[in-house]
Amino acid sequence: MFPAPLPGRLANQHITALRHGQALDEAAAEQGIDLRAVWVRARTDTRLAIALGGRDPDAHT
């Protein structure tokens, strides 16, 4: 069974943590979320998918 995707607020917090150099698994643990929920959300959240790829989704380059 797959976990529910992250709510938008938690996804934004996760993006911020990644933007500031925190490791994916550490950010998830700190937020108390299941890492699989991050990947479920990333299927439909372009900003999160970009952040997971190591880029800043809000950079204008």
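Described in the following lines is the structure provided in the data block. (Residues numbered from 1 in each chain as written. Predicted model: local features only at pLDDT ≥ 70, side-chain atom pairs only at ≥ 80, totals over all residues. Heavy atoms only, no water.)

1. Some points on the packing of helix α1 (residues 8–19) against helix α2 (residues 24–31)
Think of two packed helices as two axes; the pair is described by the angle between the axes and how far apart they sit. Two elements in contact, α1 and α2, have axes separated by 10 Å at closest approach and are oriented at 135°. Classified by the interaxial angle, the pair formed by α1 and α2 is oblique. Once α1 is placed against α2, the crossing between them reads as right-handed. Here Leu10, Gln13, His14, Ala17 and Leu18 of α1 come into contact with α2, specifically with Leu24, Ala27, Ala28 and Gln31. The residue makeup of the contact of α1 with α2, split by class, is 6 nonpolar, 3 polar and no charged. (Axes fitted to C-alpha atoms, helices over the stretch in contact; angles between N-to-C directions. Helix = DSSP H or I, 4+ residues; strand = E, 2+ residues; numbered from the N terminus. Parallel < 35°, antiparallel > 145°, perpendicular 65-115°, else oblique. Left-handed = near helix turned anticlockwise from the far one by under 90°. Contact = heavy atoms within 4.5 Å. Nonpolar A, V, L, I, M, F, W, Y, C, P; charged D, E, K, R; others polar.)

2. Let's talk about the pattern of salt bridges
Scanning the model with the defined rule gives 5 salt bridges in all. Asp56 is the salt-bridge partner of Arg19, the closest N and O atoms lying 3.1 Å from each other. Taken as a pair, Arg19 in helix α1 and Asp56 in the segment after α4 (46–52) lie far apart in primary sequence, 37 residues in all. By relative accessible area, which is 33% here, Asp56 ends up partly exposed. The salt bridge involving Arg47 is made with Asp58; its shortest N-O contact spans 2.8 Å. Of this pair, Arg47 sits in helix α4 while Asp58 sits in the segment after α4, placing them 11 residues apart in sequence. Given the relative accessible area of 34%, Asp58 is considered partly exposed. Each of Arg19, Arg47, Asp56 and Asp58 takes part in salt bridges that share partners, so that together they form one network. (Salt bridge = Lys/Arg side-chain N within 4 Å of Asp/Glu carboxyl O. Buried < 20%, exposed > 50% of the residue type's maximum accessible area, 1.4 Å probe, protein only.)

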